[in-house]
Number of protein chains: 4
Amino acid sequence: MVLLEFSMSPLGKGESVSKYVSRSLDIIDKSGVDYRLNPMGTVLEGEWDEVMAVVKKCYMRMRKDCNRVSCSIKIDYRKGPKGRLSSKVSSVESQLKRKLKV
Amino acid sequence: MVLLEFSMSPLGKGESVSKYVSRSLDIIDKSGVDYRLNPMGTVLEGEWDEVMAVVKKCYMRMRKDCNRVSCSIKIDYRKGPKGRLSSKVSSVESQLKRKLKV
Amino acid sequence: MVLLEFSMSPLGKGESVSKYVSRSLDIIDKSGVDYRLNPMGTVLEGEWDEVMAVVKKCYMRMRKDCNRVSCSIKIDYRKGPKGRLSSKVSSVESQLKRKLKV
Amino acid sequence: MVLLEFSMSPLGKGESVSKYVSRSLDIIDKSGVDYRLNPMGTVLEGEWDEVMAVVKKCYMRMRKDCNRVSCSIKIDYRKGPKGRLSSKVSSVESQLKRKLKV
């Protein structure tokens, strides 16, 4: 199963891009793919094609009205079942025997 | 103020690296720098030197017993006050007028 | 047109992963998609689907014998013609009026 | 020794940012640290403090006249001597027994 974190923003639309980020989050939230939003990106969990389809949908929407788009993606594939959206953090917490800021 | 997300792991220490990630989180959690842990990395907030010092400390610890270390860092500097660890997510939620998965 | 840089490596296959990187480069070189290899990754140029298909092919090959795979991808979409594999570097050189190390 | 690839650009300075990228490359080229420029970033080689000092210098220059700056950094530390700016690519070529596009 794949964990994929990505962030995407337009260049040339000013210093504040939250309008464009919100449109992507709307797509992600409605996609049916499980995710977690953080201050620097969104982490999706699913098979390669599922999660990449969400990223592409955000890209296709953004290029409609943006001439330049930057996107960074980080992928962690690991053989095995779903659930790492929660288990990666809790595994660190259980090793340290304390709660961390999430 | 800088938001810096990073993840760091050794190559050549097997498929499971949570022992090494936990050591980094111990350093981060004790650093005094504000942070949020997510399934793909940790987001720090502070001035450039503050947040980079934390990353370097994790690196110095890891290279003690790891011959190869991979690290990816993403930085978002924006002129202005602290607080974007929370405000970036809530700004998207208020634009969409609903809660998202965090 | 999209510029996409990526790097992909297995976790749990030891400290040296050049065997796996070479297999990816073999796929890339035979794909017909234009590219440039550098010490930290490979930059592809093409439409979104074209370049993503190459990345996926490398991923499918790697997961055949690797239980954990890390991949980082950076995308720079800009409306307009092909050719930025060369023109981005030469544009910087012409602004600085000197040759740089490439 | 560390290989560090980075790219840095302002948000809010329009769609074309080559003026700002050129200023960074001027700093890099004059730093004395060995590097290679590619279409998506610049790869530096040196000790952690050396290469990070170059990145910080580019950042300090950019924030002088840019209110928002994005930067992505990828680090590959490996115990051992310098020279991986050239040897990583040539190692792949010798495994594949042919020249690649660089």
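Conventions used here
Residues numbered from 1 in each chain as written. Chains lettered and ligands numbered in written order. Predicted model: local features only at pLDDT ≥ 70, side-chain atom pairs only at ≥ 80, totals over all residues. Heavy atoms only, no water. Phe/Tyr/Trp six-rings, centres within 6.5 Å; stacked < 30°, edge-to-face > 60°. Helix = DSSP H or I, 4+ residues; strand = E, 2+ residues; numbered from the N terminus. Buried < 20%, exposed > 50% of the residue type's maximum accessible area, 1.4 Å probe, protein only. Contact = heavy atoms within 4.5 Å. Buried area = accessible area lost by both parts, 1.4 Å probe. Salt bridge = Lys/Arg side-chain N within 4 Å of Asp/Glu carboxyl O. Pairing = 2+ DSSP bridges. Axes fitted to C-alpha atoms, helices over the stretch in contact; angles between N-to-C directions. Lys, Arg positive; Asp, Glu negative; His and termini not counted. Polar contact = N/O pair within 3.5 Å; in protein donor to acceptor, adjacent residues only side chain to side chain.

Colleague: Explain the packing of aromatic side chains here, please?
Modeller: The geometry of an aromatic ring pair comes down to the distance between the two centres and the angle between the two planes. For the structure shown, the criterion picks out 8 aromatic pairs over all chains. Look at W48 of chain B and Y59 of chain D: their rings are 4.1 Å apart centre to centre, the planes differ by 20°, and that puts the pair in the stacked class. Note that W48 of chain B is positioned in helix α2 (residues 48–65) and Y59 of chain D in helix α2 (residues 48–65), a pairing that runs across two chains. For the pair formed by W48 of chain B and Y59 of chain D, the shared burial category is buried.

Colleague: How should I be thinking about the interface of chain A and chain C in this particular structure?
Modeller: Accessible area lost during the coming together of the parts is what is often quoted as the interface size. Contacts between the two partners involve 25 residues from chain A and, on the opposite side, 25 residues from chain C. Summing both partners gives a buried area of about 2200 Å² for chain A against chain C, and 51% of it is carried by carbon and sulfur. Looking only at chain A, the three residues that lose the most surface to chain C are W48, R68 and Y77 of chain A, adding up to 31% of its buried area. Across the chain A-chain C interface, the total number found is 4 salt bridges.

Colleague: I keep staring at the sheet that holds strand β4 (residues 68–78) of chain A and nothing clicks. Help me out?
Modeller: The pairing of strands in a sheet happens through backbone hydrogen bonds and is either parallel or antiparallel. One open sheet holds the 8 strands; their spatial order is β2(A)-β3(A)-β1(A)-β4(A)-β4(C)-β1(C)-β3(C)-β2(C), and the pairing between them is antiparallel. Each edge of the open sheet is held by one strand with a lone partner, namely β2 (34–38) of chain A together with β2 (34–38) of chain C. Going from strand to strand, the sheet's axes swing by 20° on average, the running direction of each strand aside. Looking at chain direction, strand β1 (residues 2–10) of chain A and β4 of chain A are connected through 9 bridges and run antiparallel. Looking at the pairing, S7 of chain A lines up with S72 of chain A of β4 of chain A. Lying on the sheet, helix α2 (residues 48–65) of chain A is in contact with β1, β3 (41–46) and β4 of chain A together with β1 (2–10) and β4 (68–78) of chain C; it crosses β1 of chain A at an angle near 5°.

Colleague: I would appreciate a short explanation of the side chain of E45 of chain A in the present structure.
Modeller: Residues and elements named next belong to chain A. Tracing the backbone shows E45 in strand β3. Notably, E45 is buried but unbridged: the nearest opposite-charge side chain belongs to R84, and the N-O separation is 4.9 Å. Looking at E45, its side chain comes within polar contact range of the main-chain nitrogen of G83, at 2.9 Å. Setting aside anything within four residues of it in sequence, one finds E45 in contact with M1, V2, L3, V33, D34, V51, K82, G83, R84 and L85.

Functional significance is not addressed by these values, which are geometric in nature.
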